[in-house]
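Okay, here's what each chain looks like letter by letter:
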Amino acid sequence: MIDKKDKFPLVPTTLLKLFLKGEEFHEFSDDIGEVYRQLLQSGPKWKAKSWYFFRILESIPRIFADILYWRFVMLINYLKIALRNFKRHKGYTFLNISGFALGMACCLIIFLYVRHETSFDTYHKDVERIYRISQDIRTGTSNRLFAPVSPMVSPTLKADYPQVEQSVRVLPTGSRLVKKEELVFYEDRFMYADKDVFEIFSIPFLRGSPQDALARPQTVVISQRIAQKYFSGENPLGKTLEINREEYEITGVAVNSPKNTHLKYDFISSLETLADWSEMSNWYSTMFYTYLKVQPNVNIEEFSKQVSHVADKYVGERLATSGTTYSYFLQPLSSIHLQSKINYDIEPPGNLLYVKIFAIVGLFIILIAGLNFINLATARAANRSKEVGLRKVVGAQRLQLIGQFLGESLLMAILSLGLALVLAWLVIPLLNNLIGISLSFAELLQPFVLIVLLGGAALLGMIAGLYPAFVLSSFKPATTLKGVLSGRSRSFSLRTILVIVQFTISVFLIIGTLMMSKQFNYMRSQDLGFEKDQKLVLPLRGGIDVQENFESVKDVFSKHSSISGVTVSSSVPGRGLSNFSIRLVGEEDAKKQDMFHLHFDSDFIPNYGIEVVAGRQFMKELNTDFMGAFLINEAAVKAFGWTSPEEALGKRLQTGYGGRVNPIIGVTKNFHYRGLQTEVEPLVMEFLPWSFRYLTISMGTLNLKETMTFVESQWKTLFPENPFESFFLDIEFNRQYKADEQAGSIFSVFTLLGLFIACLGLFGLASFMAETRSREIGIRKVLGASTPGLVFMMTKQFTKWVILANGVAWPIAYVFVNRWLKNFAYRSNMGIEIFVLAGAIALFIAILTISFQSIKAAMSNPVDALKYE
């Protein structure tokens, strides 16, 4: 070493210390220091320092290359050791990788689901500036939120508010009869829209120009799917389609509607087609969905306050006179799918609660897999203690051991990710078919997603391997080489906690699954207040009008002996109903409210088996019932404040603004015209033939095929230009529960996988405990212990853990399940039997899992365990 007065230059020395540490630095500095000292003694200092500086610079690449080489060699060595350990302990490796892979696969699928649900309408350009304006209508004591608003709102926004860059109206009309030569189909995704709709929504065109595609009446833009369906690859521009018996010219072909949008389309027709329609200037109509794009940098909170009373300037006085208020509010386009809980949305919205639930379930499952890894790694500590001791004796540092064990965890996580991707690729199509969701594996192969997945897998591997790495590297050679393992009780306590946490999560998931199943069965079996079985419903659409001849149409279908009744109506239970304001006439308090309306003929009540609790039903023999009387349900009686159904009889009601005034002739018992997620709301019923849109046929179970053939043949005779379509009411009504049942099915699948992963870990832990206690078991057998007694001894410990996990899981599950049940207006009770059953299932599966290893250990020959003692 050189004297202090001849210190090495600071900068090159500091640079050298970045690459060399400890002894390596001192050895190199001693070698170069001798030459540096000689140069200092024989010449000027600047020359010596320059030589030293350039010598360091010259050496750094070689030093760096040596470091990389030896680190690469060490990495290869660690990899060989890891693979050797994997091969030596195949069972442990299988349990860890398969458990990790299953957990990751579940998370990948949940990630796809959550990403799909949260990506709705986010692909539009300037989506952060696009909003839908919706409406809150308050009438008397009632108020309702409506997604559609008046057609006058959009032009008023553009004229009166400079903050609005663009505003458009969209009018979905539902089914349309589309015809081209011999091709005749009902198409559901038909809508009218303003010509500027493509300036707000990013809808790419394959043919035509979006700027003028909807500039003229009777023009329509079709999707790529429709173009292929009706024109088979031909250029459809300039050609026509007959839609509801009117000719429409095709002016554009757009890409197919993506799945992650609430505004799905196949036909977008020019709103100019409806320019002469009287509703286009009606402030009281709520039929048009209105979207707007605001100018950049607009204060949305302030703007929302300004547009909240956009109608007051034009109809405020009349609204005040009638006791009604219109209030408008803005909904961000990207939030409509998950956060819009209002009436008459274009399509049923998603459920943000389920998205959160599945995200939590994904975290639970990966937590179970991670706990498995930690549990098994610490359980194997005794087997690897001598390895650690020997490595420390030959000079291995603790950081090197930590690096080795973390590397093994990292390698295991990467292998698990590869297997998880394969499992996801295999499972996603099956899950799509089984549950009815639409997930795409291709989304996982996007570069950014793959990078995130690799990073996530590495992070999971590091987190899961962190504790085992520190535990294993902390062993002292003096004790481990003697066969004594320190910290055993602490590791044992940790394993106890980890198993309890795993089964707490598992029991929680089982309770959730059982309660979901119970609730869905309850909704399906609940008395709906009407008969829904064996009812075939024929939609009267595509221009069919039975206003004048509905009785003769009914007679045609009634001729078959298996048909017990036919009725016509504006809707059927499970399908949407209209909503109008209604008020009392001739009373001091008009009690004006908004209520649902259902129109039907005199055969509807008896055919649907609806009970009349006061008054009478409609009678076709009485002309006064024809558009001249009302029925209401018990909920409407309560809404008007009457104490009994009989009190409602004779009272007169008026619908809408200046609408019909008719007496109440009867009150029906409440029946569920919507799903059991919502309460039965007030309903007004009327005999109104011009609104009949459905024909319901009640039929027997015998000769069903023959009856269906008869119905179809009569339809073709009556309506030869309209395709025959039908559905059974019970199936259609239960579709209202589809989203909830889908969520329940997904939850059940992931619960089973989570429980399976927990059992994998329990199986591995039981096998290692049986291995470590083999000598104890041998001694007990020599001393006369029976096989059942030994099995009981080994399973008793695990049984205690699972029972304790039940005690922790039950109150947590009660809180969360009770919160979920509040989403249903009609719900089953949460009895203790659900919790007991869940605990029994978890306990049974746990005992079944560990019994194999316990019985195997108890039946082993004690000589094999004791012969080396």
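Residues numbered from 1 in each chain as written. Predicted model: local features only at pLDDT ≥ 70, side-chain atom pairs only at ≥ 80, totals over all residues. Heavy atoms only, no water.

Draft legend 1. Helix α25 (residues 787–821), seen in detail. Taking 1.5 Å as the rise per residue, α25 with 35 residues should run 51 Å; its terminal C-alpha atoms sit 47 Å apart, in good agreement. Where α25 bends most, at Thr795, the angle is about 35°. (Helix = DSSP H or I, 4+ residues; strand = E, 2+ residues; numbered from the N terminus. Expected span 1.5 Å × (residues − 1). Bend = angle between axes of the 7 residues up to and from the residue.)

Draft legend 2. A look at the nonpolar core. Residues Ile697 and Val711 are the most contacted members of the largest nonpolar core, which totals 134 residues. Contacts of Ile697, omitting those with residues within four sequence positions, involve Gln534, Lys535, Leu536, Leu538, Phe557, Ile563, Gly565, Val566 and Val711. With 25 residues, the next largest nonpolar core counts Val127, Ile130, Val168 and Phe201 among its residues. (Core = buried A, V, L, I, M, F, W, Y, C linked by side-chain atoms within 4.5 Å. Buried < 20%, exposed > 50% of the residue type's maximum accessible area, 1.4 Å probe, protein only. Contact = heavy atoms within 4.5 Å.)

Draft legend 3. Fine view of the pattern of salt bridges. Overall, the coordinates contain 30 salt bridges when judged by the stated rule. Its salt-bridge partner being Asp160, residue Lys313 comes within 3.8 Å of it at the nearest N-O pair. Here Lys313, found in helix α9 (residues 312–322), pairs with Asp160, found in helix α5 (residues 153–160); they are 153 residues apart in sequence, far enough to count as distant. The class of Lys313 is exposed, set by a relative accessible area of 62%. (Salt bridge = Lys/Arg side-chain N within 4 Å of Asp/Glu carboxyl O.)

Draft legend 4. Fine view of a nonpolar patch on the surface. Residues Leu804, Val808, Ile812, Tyr814, Val815 and Phe816 make up a contiguous nonpolar surface patch of roughly 550 Å² in combined accessible area. With respect to the helices and strands, the residue Phe816 is situated in helix α25. (Patch = residues over 30% accessible without salt bridge, like charges linked within 9 Å, V, L, I, M, F, W, Y side chains within 5 Å. Areas by Shrake-Rupley, 256 points an atom, 1.4 Å probe, with all protein chains shown as cover.)

Draft legend 5. Seen up close, the sheet that holds strand β22 (residues 727–728). Across the sheet, 4 strands lie side by side as β13-β21-β12-β22; this open sheet has antiparallel pairing. In this open sheet, the two strands that pair with only one neighbour each are β13 (563–569) and β22. As defined by bridge partners, strand β12 (residues 535–539) adjoins strand β21 (residues 694–699) across 5 bridges and the pair is classed as antiparallel. Paired with Leu536 across the strands is Ile697, a residue of β21. Each of β12, β13 and β21 is contacted by helix α17 (residues 550–557), which is oriented at about 155° to β13, the strand it contacts most. (Pairing = 2+ DSSP bridges. Axes fitted to C-alpha atoms, helices over the stretch in contact; angles between N-to-C directions.)

Draft legend 6. Quick peek at the environment of Phe198. Residue position: Phe198 is located in helix α6 (residues 197–200). Judged by its relative accessible area of 11%, Phe198 falls in the buried class. On a C-alpha basis, the gap between Phe198 and Gln211 in space is 7.5 Å, while along the polypeptide they are 13 residues apart. The residues contacting Phe198, other than those within four sequence positions of it, are Ile203, Phe205, Pro210, Ala213, Leu214, Val221 and Ile268.

Draft legend 7. Highlighting a positive patch on the surface. Together, Lys356, Arg819, Lys822 and Arg827 give the surface a local cluster of positive charge. By secondary structure assignment, the location of Arg819 is in helix α25. On the basis of relative accessibility, which here comes to 57%, the residue Arg819 falls in the exposed class. (Lys, Arg positive; Asp, Glu negative; His and termini not counted. Charge placed at Lys NZ, Arg CZ, Asp CG, Glu CD.)

Draft legend 8. How the structure looks around the packing of aromatic side chains. Tallying each qualifying case throughout the model produces 36 aromatic pairs. With centroids separated by 6.1 Å and ring planes inclined at 85°, the aromatic side chains of Tyr161 and Phe303 adopt a geometry described as edge-to-face. With Tyr161 in the loop between α5 and β3 (164–180) and Phe303 in helix α8 (residues 300–307), this pair connects stretches of sequence that are 142 residues apart. The burial state of Tyr161 is the same as that of Phe303; both residues are buried. Here the aromatic rings of Phe530 and Phe733 are separated by 5.8 Å at their centres, their planes lie at 70°, and the arrangement is edge-to-face. Here Phe733 lies in helix α22 (residues 729–734) and Phe530 lies in the loop between α16 (488–525) and β12, a separation of 203 residues in the sequence. Like Phe530, the residue Phe733 is buried in the burial classification. The lysine or arginine in question, Lys229, covers the ring of Phe185, its NZ or CZ lying 4.1 Å from the ring centre. Stacked on the ring of Tyr608, the Lys or Arg Lys535 has its end atom at 5.7 Å from the ring centre. (Phe/Tyr/Trp six-rings, centres within 6.5 Å; stacked < 30°, edge-to-face > 60°. Lys NZ or Arg CZ within 6 Å of the ring centre and 35° of its normal.)

Distances and angles like these do not, on their own, reveal function.
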